[in-house]
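One-letter residues, chain by chain:
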Amino acid sequence: RSLMVKLFEAKEKGLIDHVGVSNFNIDQINEFYEKFGEYPEVNEIEYSIRYHDKDLVDYCHINNIEVLGYGVLGGIHACKQYKRVSSRRIDGICL
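This write-up is about the structure you can find in this document. Note that the coordinates shown come from a computational prediction; the quantities given were computed from them, not determined experimentally.

Right, let's get into the packing of aromatic side chains. Enumeration over the complete set of coordinates arrives at five aromatic pairs. Geometrically, the ring pair formed by Tyr33 and Tyr39 is stacked, given 4.3 Å between the ring centres and 25° between the ring planes. Of the residues examined, Tyr33 reaches a relative accessible area of 36% and is grouped as partly exposed. An aromatic cluster of three or more residues is present, and its members are Phe8, Phe24, Phe32 and Phe36.

Here is the structure:
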């Protein structure tokens with residue numbers, strides 16, 4: 001049995017309050033819905049001023065999926081940019 005099935009069983013029993021996912025794109029969310037009959041309550045994704053997937057965020061909001069952002073200071077995209085500028089700087093930002 002899949003972990004997700006066990007999580008939904010735990011939710012039905014009142015052992016947990018919410019079921020969420022991380023780094024799911026629109027296709028993966030649709031597949032999740034088709035398999036489990038409901039959307040995840042949260043999708044944790046990379047989200048910053050420099051990088052975010054507006055279509056994914058809009059899709060989540062339309063389907064009442066909360067978006068939890070990580071990398072708000074630029075994430076891996078900022079690290080790549082700073083690495084080109086100064087190899088010393090990337091150590092201070094990303095590690």
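What follows deals with the pattern of salt bridges. Going through the model one piece at a time under the given rule, you end up with three salt bridges. Among the ionic pairs, Lys54 bridges to Asp58, the shortest N-O distance being 2.8 Å. Note that Lys54 and Asp58 are positioned in helix H3 (residues 54-62) at a spacing of four residues, about one turn of the helix. The class for Lys54 is exposed, based on a relative accessible area of 52%. When salt bridges with common partners are traced through the structure, they connect Lys11, Glu38 and Glu41 into a single cluster.

What counts and what doesn't
- Residues numbered from 1 in each chain as written.
- Predicted model: local features only at pLDDT ≥ 70, side-chain atom pairs only at ≥ 80, totals over all residues.
- Heavy atoms only, no water.
- Phe/Tyr/Trp six-rings, centres within 6.5 Å; stacked < 30°, edge-to-face > 60°.
- Buried < 20%, exposed > 50% of the residue type's maximum accessible area, 1.4 Å probe, protein only.
- Salt bridge = Lys/Arg side-chain N within 4 Å of Asp/Glu carboxyl O.
- Helix = DSSP H or I, 4+ residues; strand = E, 2+ residues; numbered from the N terminus.

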